[in-house]
Amino acid sequence: MLGTDYRTGSPNWIDLGSPDIPRAAAFYRAVFGWEFQLLGPETGGYGFFQIDGKTVGAVGQLDPGASSAWTVYFQSEDVDATTKGVRDGGGTVRVEPMDVMGEGWLAQYTDQQGADFAIWKPTKTPGLGVTSADNTLCWVELHVPDPLAAVEFYGTLFGMRSQDMDAPGMTYRVLSIADGDQQDGSFGGVAPLMEGETNARWVPYFAVADVDAVVGTARTSGGTVLMPGADVPDVGRIAWLADPSGAVFALLKPNPRAN
């Protein structure tokens, strides 16, 4: 599961592009109990989702013509080198590296199979303030037509390591950062597109105490249930949802880890 000791390749930020920020804030407050902190006018309406004063995500105005979605950011120590690596690997640059008011540097990309992602090089703001607690980010998952090509792309870009795991009907590839113990450094996985999926994408998973209760709250708050709660052997209970604007996210109640 994710921690906040961010190193190269660690997911260290997530934000939501939304056409209706007040509606998004109300939805995620109902579902996860998140408070919304609107930043200054110079940010164009960008704001933080927080629990007990710690940032768990952010939301900004949707770019014209884009679909509402969560974006996963990975830590980079060299934004120019990462940008070059994206191009060399067949990806595209959507937002060139830019300084964000002295807080850090970001750039946004699309990988070679069409999944959007971004990087954050921190200066003052390290990243999310809490992860892997209830109602916070605990896992990220890439769904693509060709998982092996994705493993190679992100492995070259960030040094990510991959380990195959048998899953119902497929091989699931667990991703970890480049250094340290591979299991302790795991943060996400790569899977083939599910039935009905047409677009490659990164999906954030949020830890919850009761998957089915959160699914019910999301439904009554205007969300859509894409996959109801289901138990995955050796993983935990999961569900897939979309918020009122169509942004996809998932829930996970992990199985307890053996000591």
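Residues numbered from 1 in each chain as written. Predicted model: local features only at pLDDT ≥ 70, side-chain atom pairs only at ≥ 80, totals over all residues. Heavy atoms only, no water.

### Focus: the nonpolar core
Rules: In this description, a nonpolar core means a group of buried Ala, Val, Leu, Ile, Met, Phe, Trp, Tyr and Cys residues linked to one another through side-chain atoms lying within 4.5 Å. The buried label applies to any residue whose accessible area, calculated with a 1.4 Å probe on protein chains only, is under 20% of its type's maximum; exposed applies above 50%, and partly exposed to all values in between. Think of it this way: any DSSP run of H or I at least four residues long counts as a helix, any run of E at least two long counts as a strand, and we number them from the N terminus. In this description, contact between two residues means that some pair of their heavy atoms is separated by no more than 4.5 Å.
Ranked by internal contacts, the top residues of the largest apolar core, which has 62 residues, are Tyr 28, Phe 32, Trp 70, Phe 117, Trp 202, Phe 249 and Leu 251. Tallying contributions element by element places helix H1 (residues 21-32) first for this core, with seven residues. Dropping the residues within four chain positions of it, Trp 202 is found in contact with Trp 70, Val 72, Phe 74, Ala 115, Asp 116, Phe 117, Val 140, Glu 141, Leu 142, Tyr 154, Leu 175 and Gly 189. Val 174, Ala 191, Val 203 and Leu 252 belong to the second largest nonpolar core, which has 14 residues in total.

### Overview of unusual backbone geometry
Across the chain, the bulk of peptide bonds are trans and the bulk of non-glycine residues have phi less than zero. The phi angle at Met 101 is positive, at roughly 50°, despite the residue not being glycine. Within the fold, Met 101 resides in the loop between strand E6 (92-99) and strand E7 (104-110). Despite not being glycine, Ser 132 has its phi angle at roughly 65°, a positive value.

### Some words on helix H2 (residues 79-88)
This is how the line gets drawn: Throughout, the arc means the angular range of directions from the helix axis out to the C-beta atoms. We call two N or O atoms a polar contact when they sit within 3.5 Å, provided that within protein one can donate a hydrogen and the other can accept it, with sequence-adjacent residues counted only if both atoms are side-chain atoms.
Taken as a whole, H2 has its buried residues at Val 79, Thr 82, Thr 83 and Val 86. The buried residues of H2 all sit within an arc of 100° when viewed along its axis, so they share a single face. Every exposed residue of H2 that faces more than 90 degrees away from the buried side is listed here: Asp 80, Lys 84 and Asp 88. Against E6, E7, strand E8 (116-122) and helix H3 (147-158) lie the buried residues of H2. If you check the start of H2, you find a side-chain oxygen 3.2 Å away from the backbone N of Asp 80, and it comes from Asp 78. One or two residues past the end of H2 sits Gly 90, with phi positive at roughly 95°.

### Structural notes on the sheet that holds E6
Rules: Only when DSSP finds a minimum of two bridges between them are two strands counted as paired. Each axis is a line fitted through C-alpha atoms, taken for helices only over the stretch in contact, and angles between the N-to-C directions span 0 to 180 degrees.
Taken together, the eight strands give an open sheet; going across it, the order is E2-E3-E4-E1-E5-E8-E7-E6, and neighbouring strands pair in mixed fashion. Taken across any chain shown, the strands that pair with only one partner, and hence form the sheet edges, are strand E2 (35-38) and E6. Strand after strand, the sheet turns through a mean of 25° between neighbouring axes, direction not considered. Sheet topology places strand E1 (residues 11-18) next to strand E4 (residues 54-61); four bridges connect them, and they run parallel. Counterpart to Asp 15 in the pairing with E4 is Ala 58. Sitting on the sheet, H2 touches E6, E7 and E8, and the angle it makes with E6 is about 175°.

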